[in-house]
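Topology and contacts: notes
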Amino acid sequence: PHVVRKAVFPAAGLGTRILPATVVVPKELLPIVDKPIIQFGVEEAAASGLTQVILVNSPDKTMLEKHFDRHSLLEDVLERRGKAALLDGWRELVESIELSTVYQADPLGLGHAVLVSRELVDDEPFAVVLSDDIIDADPPALRKMLDLYKEVDGPVLLVERVPPDAVSRYGIIAADAIGDGVHRVTDLVEKPPRDEAPSDLAIIGRYVLTPDVFPILAATGQGSGGEIQLTDGLRRLLEQRPIHAVELNGTRQDAGNKLGYLKAILYFAMKHPELAEAMPQLLAGGGTPR
Ligand code: UTP
């Protein structure tokens, strides 16, 4: 199998579930305590050995890619004030990746967003990261997926067991367990009604894909909601080659909706060196700590 170097970050959606916060500020730049949503995903990609980040952005949201530029004015001032450490982590991350951007003018669906990255991905296997699924796992979920990719030399999905009333919000797989949280996918269905779901294994925001998915996406018509669905494309890909799935061993926060966004902030506040101590009292009191 080829070495995977590239990670596609679809980020051209409208973020309607958090309007009006996302009128001007891209959803991916909303802060989880002191770090924007997208930085978690880019950190995971970098920690998993990926070096090329391909952002699929909307031409309306160019603030997003600027987060990964160097900012000499800010950096010089912090340096002079002896506060350069405030950018620790960010600086190393920005230096360790190469970012390129391609624009999806019309948000025609996740499958279409992936298709838009075709020229930049070229003829290589690649990862797809939906950054509003913030994953905390050790080892990183993407790294486990890339390890499995090396073994099976084919597409790998990340799945998580979800409660019955949640299956209709996800792509769901039918699969044969082949051991240790690894499954061989036998079918995929996008947002099935509760009583038609083939399992409780929901596809979540990480994929390792092979370039043979591009011609399929190009030929895939608009599915549910008038969008080109990635799940529909993967279903056709499954007719051509085996697809595997790994179960998430860690936590996932869906920061793309109001409640999930709030939970993500609380989760990472509880792990934050400056806030961890204050959090139990804040939560127990149901209000502001004294
Ligand atoms: P979401 O379903 O979260 O959609 O897309 P959204 O537009 O971001 O948010 P809502 O539903 O309006 O609140 C999943 C991921 O796919 C990207 C989104 O940016 C998000 O990261 N996406 C979706 C695209 O890049 N292009 C699309 O056409 C659709």
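**A few points about the site of the ligand**
Around the ligand, the structure places 17 residues, and the nearest of them are Thr16, Arg17, Lys27, Gln104 and Gly109. Leu14 is positioned such that a nitrogen or oxygen atom in its backbone is 2.9 Å from an oxygen atom of the ligand. One of the side-chain nitrogen or oxygen atoms of Gln104 is found 2.7 Å away from a nitrogen atom of the ligand. Given that more than half its atoms are within 2 Å of the pocket grid, the ligand belongs to the largest pocket. Only β1 (6-11) and α5 (110-116) provide two or more residues apiece to the shell around the ligand. By residue class, the composition of the shell around the ligand is eight nonpolar, five polar and four charged.

**Quick look at the pattern of salt bridges**
Taken as a whole, this structure holds 18 salt bridges when the rule is applied. Residues Glu28 and Lys61 are paired through a salt bridge, measuring 3.0 Å at the closest nitrogen-oxygen approach. Of this pair, Glu28 sits in the loop between β1 and β2 (31-32) while Lys61 sits in the loop between β4 (52-57) and α2 (63-66), and the two are 33 residues apart along the sequence. One exposure class covers both Glu28 and Lys61, and it is buried. We note a salt bridge from Asp212 to Arg241, for which the minimum N-O separation is 2.7 Å. Placement of Asp212 in the loop between β11 (201-209) and α8 (213-219) and of Arg241 in the loop between α9 (230-238) and β12 (244-247) is noted, with a sequence separation of 29 residues between them. Judged by its relative accessible area of 26%, Asp212 falls in the partly exposed class.

Conventions and cut-offs
- Residues numbered from 1 in each chain as written.
- Predicted model: local features only at pLDDT ≥ 70, side-chain atom pairs only at ≥ 80, totals over all residues.
- Heavy atoms only, no water.
- Near = heavy atom within 4 Å.
- Polar contact = N/O pair within 3.5 Å; in protein donor to acceptor, adjacent residues only side chain to side chain.
- 1 Å grid on protein atoms, 1.4 Å probe; cavity = no way out; pocket = protein on both sides within 12 Å on 5 of 7 lines; lining within 4 Å.
- Sits in = over half its atoms within 2 Å of the grid points.
- Helix = DSSP H or I, 4+ residues; strand = E, 2+ residues; numbered from the N terminus.
- Nonpolar A, V, L, I, M, F, W, Y, C, P; charged D, E, K, R; others polar.
- Salt bridge = Lys/Arg side-chain N within 4 Å of Asp/Glu carboxyl O.
- Buried < 20%, exposed > 50% of the residue type's maximum accessible area, 1.4 Å probe, protein only.

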